[in-house]
Amino acid sequence: MTGTNLDQPALRLAGVKKSFGPIEVIRGLNLDIRAGERHAIIGPNGAGKSTLFNLISGMFAPSAGEISLNAQSIAGLSPHRINRAGLARSFQITNIFHRLSVFENLRIGVLARHGVRYGLFRPVSRMRQVNDETIEVLTRVGLEARSNDPAGDLTYSEQRALEIGMTLTTGAQVILLDEPTAGMSREETAKAMDLIRTVTEGKTLLMVEHDMGVVFGLCDRVSVLVYGNVLATDTPERISANREVQEAYLGQEAS
Amino acid sequence: MAAIRNTLLLAALLVLLIAVPPFLGLGWQNALVNVLIASLFALAFNLLIGQAGLLSFGHAAYFGIGAFAALHLMIAIEDGFPFPTPLVPLAGAAAGLLIGLIAGYFATMRSGVYFALVTLAIAELFHSLAPRLEAVFGGESGISSMRMPWSDITFGSMLEVYYLTLAWVLICGLGLWAYTRTPFGRLTLALRDNEQRVRFLGYSTHSVKVIVFAVSAMLTGVAGSLQAISNETANYSLFASDVSAQVVLQTFVGGSTVFFGPVIGAAVFTLFSFLVSDLTRSWVLYQGLIFVLVMLYAPSGIGGVLQHHIRNRRQLDWRPLSGLYLLALAGGVLITAGTVFLTETVAVLFGEEYAVARRNAGGSLPAYELFGAHWDPTDIFTWLLPLVLLAGGGAITVSTRRHVTAFWNRGGGSRDTAARPVSLGGAA
Amino acid sequence: MEFAIISTLNGVTYGLLLFMVSAGLTLIFGMMGVLNFAHASFYMLGAYIAYAVSSVFGFWVGIAVAPVVVGLIGMAVERFLLPRVHAHGHAHELLLTFGLALIIEELIKLFFGDFPVNYQMPGGMRFSAFSIFGADYPFYRIFIGGMAVVMFTALWVLLTRTRTGIVVRAAERLPAMAEALGHNIPMVFMFVFGTGAALAGLAGAVAGAFYPTNPNMGIELGVIVFVVVVVGGLGSLKGSLVASLLIGLFSSFAVGLDWSLASLLGVIGLGDWARSFGGLMTLKLSSISATIPFALMLIVLLVRPAGLMGERN
């Protein structure tokens, strides 16, 4: 991948706007995500975090502005093109194949990476490489024991782990995680943090996160999103000391 | 173990399919040809709804296209084009694939109920256009041809047609089975479960759906061309909505969640219509009633119910259960008897023959003949009989149903996810 | 000019008839997410009930009774059948109504036979509304159109001006919320389903006396109505109005036009070349007017996949 060039951000948003009818949700947002960093987006409810993720990953096209992945424009492309360009995302609400086995859930993504998207002439059980890589991801997210169970039967935190695993399978270098620890207990959150840390080693991570513990423990930089714009971007320590941020966000949370 | 047992079962079935037909009469041979064709049609249709979650109401289009393509090739063979007759279904496959790609491109632009409506409209497009296109579809009367001999085979007897059909249906059925094990087959299932996620894993879901649609249309085209070979004729009525409706009924009554479910439905309905279509004009009504009852009380179809019982066969206490099922069967027989009696009575009383009889009887209501007995429409007993049958059967069925439900809830078996019925891919 | 005016009139009346049926379908879909496949069967049922009743009690009684009976049947379907399959999702609701459509069609064949029945408007209505370019224009066409307009004004007022209408519209957007606010939503659903069915029944009762009443009328109109909702966008009343009129007009103009692909190519000098092909090239538009709605649908799918008034899904 070319993302190692430090001068060139892995992901760049410039003047991005998005309106739904008369309501402007994202208002000329600028943001650079450096290659290899772990970057968190925080912000009060309704600040536009989910919309931002949907714009980057291709669910919606931006109304204006430019989004580029490794200096290559991806604004307005369809989700599958953006994925093939090297960006994968997870979903806030668990978004898996409920009736397929855990193994198959992961294999779908691995197959996409190997470019056998439309393979019709060979049973998948004989694709050694694909199955081995699937097992590897399965092991990394700690779901070996549930390999053959229908994904719909997993516990909530297992489904969240599967969700992260699926995001990894296509081999994208830029990973977007949407509230990966939402709804988890303290222990589950700690485990999820370890998981995210190991699986995003050497990749670029952008995540939406509410839990400040997770943000501090995991991320190199934080951007605060308020009313569809970035209020500040800095290290977690300096962000928490930032007066403006405290007023806009942390203060509000405390009250 | 299970794999070996299934293989043995299939092998036994295959032996029966090969060995028995020579000893059957022409009518039965013909009926079996129709069963095979309907089975392939239903399997191809179920590739869409059972695997990809796409509900097509217009599969008659590809069935008809396959039939016409085969007939055109057969006409060419008659005129001396050197092509082996056994390979004629290839024409249906090619035509089905081509039209399927085009139609699928349009139909899969929308999902959910819209998809169903667009497929229906595309079939109606063919239905309305075909009688006007003399050259391709032969106008209202259609086109005909003859099966030409190939090497030592004359294709003059129904038995030869049967074996040809059997070979093609087996090849295509095995192909479909193998399809489910390819990467694309697994992807099809993923699409049914969650189209959005498939898109975010780097697949163009529109292309995937177009390809699944085209494969389904291709095999439907093979089924259509087998029908053309068997009948040696085809006209625009092959595009009619009742052809599309038949395959929907058969597939869901058989069970769309089980691979072989559609074959069960196709076989049951085709054989029944062979047996009773001479006896009643209301066969389609009965089919509709059966379909609605299945939708209401056993949405996973015959195949789904069978599979559920086979999966749980070891945990089940069969003795009380079989007693209950026998009771339910008795109730069902009573209800069926009552319904059939009422329906056939109405068919007689509102029929044209009876109108003539009434005129001859000077406007009064003469007695009519049904099931080998005479019935007087003014006699209260004539109406009491079906009502008693229905009420009795209903009472037995309702109470048995309660016991059966209680039996299963008591832990007689686990709820398995495979019995879950289909869902449409994507919300409308 | 003469052709244009008459075609426009015919197109608008046919379009309004389509709207009478598609409005109920789209209302039910918008509110309950159920695509009622049997909706066009309700239309056919309306015509046959009106025929049966009118042969004893006269035309107007038939027109009045048919929508009531069909509405009650619709309510029964919503109350007793749909809830049974609701848990299995919208596909099974669609399939159930598909089965019902089949049963209704077969029952009608059972009672009334396979051939058209002689359902006629009363002699008193068989006069021409006006004469145009020497041709008489039948009053009954105007009557059908007028009936549709009256019906929709009433429906519009009901939906926008009355308390019930406001609850219906609230339930359409947020059923759970409307129920939490103390409205009897199951009742509202049943009422809407019944009203939609009654509208279709009324349309059938009115139109059946003009167009042929036969066991195919359900599927024939049904398919066109489905095209209307694909073109207009399900759930949008405005969309189905526009699409209904559009399809009505296109169909009625097509009947009178002798255009063919060959004559179109003739404009750029390829007429003779095209004519030498025959087949599709020389097919006259008038002979394939039944195909027009489907072609229109395919074009709309290409240009605006979400339908004219639909939101992108």
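Keep in mind that what you see is a predicted model, and the values were worked out from it rather than measured.

**Considering the overall build of chain A**
Part 1: Check the secondary structure of chain A and you find nine helices and 10 strands.
Part 2: A compact globule built from 255 residues would reach a C-alpha radius of gyration of about 18 Å, and chain A, at 18 Å, matches this within 12%.
Part 3: Across the 255 residues of chain A, 53% fall into the buried class.
Part 4: A sequence separation of at least 24 residues applies to 65% of the contacts in chain A between residues at least 6 apart.
Part 5: Here chain A displays about 11,200 Å² of accessible surface, and carbon together with sulfur accounts for 49% of that area.
Part 6: Side-chain charges in chain A split into 27 positive and 28 negative, and the spacing between the mean points of these groups amounts to 7 Å.

**A closer look at the sheet that holds strand E10 (residues 229-234) of chain A**
Residues and elements named next belong to chain A.
Part 1: Spatial ordering of the open sheet is given by E6-E7-E8-E3-E9-E10, a layout of six strands whose pairing is mixed. The sheet is open, and its two edges are formed by strand E6 (87-89) and E10, each paired on a single side. Across this sheet, the average inter-strand angle for adjacent strands is 20°, counted without regard to direction.
Part 2: Of the strand pairs in this sheet, E6 and strand E7 (residues 174-178) are connected by three bridges, and their pairing is parallel. Residue pairing for E7: Ala88 is matched across the bridge by Ile175.
Part 3: Of the strands in this sheet, E6 and E7 are in contact with helix H5 (residues 156-169), which crosses E7 at around 155°.

**Structural notes on the interface of chain C and chain B**
Part 1: Taken residue by residue, the interface counts 48 residues in chain C and 50 residues in chain B.
Part 2: Together, the buried faces of chain C and chain B total about 4,400 Å²; carbon and sulfur atoms form 80% of this surface.
Part 3: For the pair chain C and chain B, the number of links is zero salt bridges.
Part 4: Scanning the region where chain C abuts chain B turns up one residue pair in polar contact (both at pLDDT 80 or more).
Part 5: Elements with a minimum of two residues in the side of chain C that touches chain B: helix H3 (59-86), helix H4 (90-112), helix H9 (217-232) and helix H13 (292-303) of chain C.
Part 6: By residue number, the principal contributor to the side of chain C that touches chain B is H4 of chain C, which donates 15 residues.

**Section: the side chain of Thr400 of chain B**
All names here are of chain B.
Part 1: Inspection of the secondary structure assignment puts Thr400 in helix H17 (residues 380-412).
Part 2: Residue Thr400 is classed as buried on the basis of its relative accessible area of 1%.
Part 3: In terms of polar contacts, Thr400 uses its side chain to reach the backbone carbonyl oxygen of Ile396, at 2.4 Å.
Part 4: Apart from the residues within four sequence positions on either side, Thr400 is in contact with Leu324, Leu327 and Ala328.

**Regarding helix H13 (residues 283-297) of chain B**
Part 1: With 15 residues, H13 of chain B should cover 21 Å at 1.5 Å per step; its first-to-last C-alpha distance of 21 Å lies within 8% of that length.
Part 2: Among the residues of H13 of chain B, those classed as buried are Trp283, Leu285, Tyr286, Gln287, Gly288, Phe291, Val292, Val294, Met295 and Leu296 of chain B.
Part 3: Of the surrounding elements, those touching the buried residues of H13 of chain B are helix H11 (241-254), helix H12 (261-276), helix H14 (301-311) and helix H15 (318-349) of chain B together with H3 and H4 of chain C.

**Thoughts on the sheet that holds strand E2 (residues 23-33) of chain A**
Residue and element names in this part refer to chain A.
Part 1: Spatially, the four strands line up as an open sheet ordered E2-E1-E4-E5, and their pairing is antiparallel. The open sheet is flanked by E2 and strand E5 (72-73), the only strands paired with a single partner.
Part 2: Relative to E2, strand E1 (residues 11-20) is paired through eight bridges, and the arrangement is antiparallel. In the strand pairing of E2, Leu11 is matched with Ile33.
Part 3: Contacts from helix H1 (residues 49-57) reach E1, E2 and strand E4 (64-69) within the one sheet, and its direction differs from that of E1 by about 115°.

**Focus on a nonpolar patch on the surface**
All names here are of chain B.
Part 1: The grouping of Leu97, Leu98, Leu101 and Ile102 at the surface amounts to a nonpolar patch, some 340 Å² of accessible area in total.
Part 2: Within the fold, Ile102 resides in helix H4 (residues 89-107).
Part 3: What makes Ile102 partly exposed here is its relative accessible area of 47%.

**So, the interface of chain B and chain A**
Part 1: On the side of chain A, 38 residues touch chain B, which itself brings 28 residues to the contact.
Part 2: For the pair chain B and chain A, the summed buried area comes to about 2,900 Å², and 61% of that belongs to carbon and sulfur atoms.
Part 3: The interface formed by chain B and chain A contains three salt bridges.
Part 4: A salt bridge links Arg197 of chain B to Glu163 of chain A; its shortest N-O distance comes to 2.1 Å.
Part 5: For the interface between chain B and chain A, the tally reads 17 residue pairs in polar contact (both at pLDDT 80 or more).
Part 6: Here the element with the most residues in the side of chain B that touches chain A is helix H8 (residues 183-193) of chain B; it accounts for eight residues.
Part 7: The residue inventory of the side of chain B that touches chain A, partitioned by class, reads 13 nonpolar, eight polar and seven charged.

**Overview of the arrangement of the chains**
Part 1: There are two pairs of chains in contact here, and the one with the most contacts is chains B and C.
Part 2: Taking C-alpha atoms only, the smallest gap left between chain A and chain C, which are not in contact, amounts to 11 Å.

**Considering the nonpolar core**
Part 1: Counting 253 residues, the largest nonpolar core has Leu162 of chain A, Phe57, Phe252 and Phe291 of chain B together with Tyr43 and Tyr140 of chain C as the members making the most contacts within it.
Part 2: Ranked by residue count, the leading element in this core is helix H2 (residues 26-52) of chain B, at 15 residues.
Part 3: Those residues in contact with Phe291 of chain B, other than ones at most four positions away along the chain, are Val248, Leu249, Phe252 and Val253 of chain B together with Leu95, Phe98 and Gly99 of chain C.
Part 4: The next biggest cluster of nonpolar side chains, apart from the first, holds 27 residues, and it includes Val16, Ile26, Leu55 and Leu69 of chain A.

**A short note on the packing of H11 of chain B against H4 of chain C**
Each pair of packed helices gets described by two things: the angle between the helix axes and the distance between those axes.
Part 1: Here H11 of chain B crosses H4 of chain C at 125°, and the two axes come no closer than 12 Å. In terms of orientation, H11 of chain B and H4 of chain C fall into the oblique class. The two elements H11 of chain B and H4 of chain C meet at a crossing, and its hand is left-handed. On H4 of chain C, the residues that touch Ala245, Val248, Leu249 and Phe252 of chain B of H11 of chain B are Leu95, Phe98 and Leu102 of chain C.
Part 2: Considering only residue class, the contact of H11 of chain B with H4 of chain C consists of seven nonpolar, no polar and no charged.

**Section: H3 of chain C**
Part 1: The terminal C-alpha atoms of H3 of chain C, which comprises 28 residues, lie 39 Å apart, in line with the 40 Å expected from a rise of 1.5 Å per residue.
Part 2: The largest bend in H3 of chain C is about 35°, located at Glu78 of chain C.
Part 3: For H3 of chain C, every residue scored as buried is listed here: Phe59, Gly62, Ile63, Ala66, Pro67, Val70, Gly71, Gly74, Val77, Glu78, Leu82 and Val85 of chain C.
Part 4: Among the structural elements, H13 of chain B together with helix H1 (2-32), helix H2 (39-57), H4, helix H5 (139-161) and helix H8 (185-208) of chain C are those in contact with the buried residues of H3 of chain C.

**Considering the pairing of strand E9 (residues 221-226) of chain A**
All names here are of chain A.
Part 1: In terms of residue burial, E9 counts as a mostly covered element, since six of its six residues are buried.
Part 2: Side chains Arg221, Ser223 and Leu225 project from E9 onto one buried face, and the interleaved Val222, Val224 and Val226 project onto a second face that is buried too.
Part 3: Summarising the sheet, strand E3 (residues 38-42) and E9 pair through four bridges and their orientation is parallel. Within E9, the residue paired with Ile41 across the bridge is Ser223.
Part 4: Taken together, the five bridges between E9 and E10 define a ladder with antiparallel strand orientation. Within E10, the residue paired with Val224 across the bridge is Ala232.
Part 5: Hairpin connection between E9 and E10: a loop of two residues separates the two successive antiparallel strands, and Tyr227 in this loop has a positive phi of roughly 45°.

Cut-offs used in this document
Residues numbered from 1 in each chain as written. Chains lettered and ligands numbered in written order. Predicted model: local features only at pLDDT ≥ 70, side-chain atom pairs only at ≥ 80, totals over all residues. Heavy atoms only, no water. Helix = DSSP H or I, 4+ residues; strand = E, 2+ residues; numbered from the N terminus. Rg over C-alpha atoms; globule rule 2.2 N^0.38 Å. Buried < 20%, exposed > 50% of the residue type's maximum accessible area, 1.4 Å probe, protein only. Contact = heavy atoms within 4.5 Å. Areas by Shrake-Rupley, 256 points an atom, 1.4 Å probe, with all protein chains shown as cover. Lys, Arg positive; Asp, Glu negative; His and termini not counted. Charge placed at Lys NZ, Arg CZ, Asp CG, Glu CD. Pairing = 2+ DSSP bridges. Axes fitted to C-alpha atoms, helices over the stretch in contact; angles between N-to-C directions. Buried area = accessible area lost by both parts, 1.4 Å probe. Salt bridge = Lys/Arg side-chain N within 4 Å of Asp/Glu carboxyl O. Polar contact = N/O pair within 3.5 Å; in protein donor to acceptor, adjacent residues only side chain to side chain. Expected span 1.5 Å × (residues − 1). Patch = residues over 30% accessible without salt bridge, like charges linked within 9 Å, V, L, I, M, F, W, Y side chains within 5 Å. Nonpolar A, V, L, I, M, F, W, Y, C, P; charged D, E, K, R; others polar. Core = buried A, V, L, I, M, F, W, Y, C linked by side-chain atoms within 4.5 Å. Parallel < 35°, antiparallel > 145°, perpendicular 65-115°, else oblique. Left-handed = near helix turned anticlockwise from the far one by under 90°. Bend = angle between axes of the 7 residues up to and from the residue.

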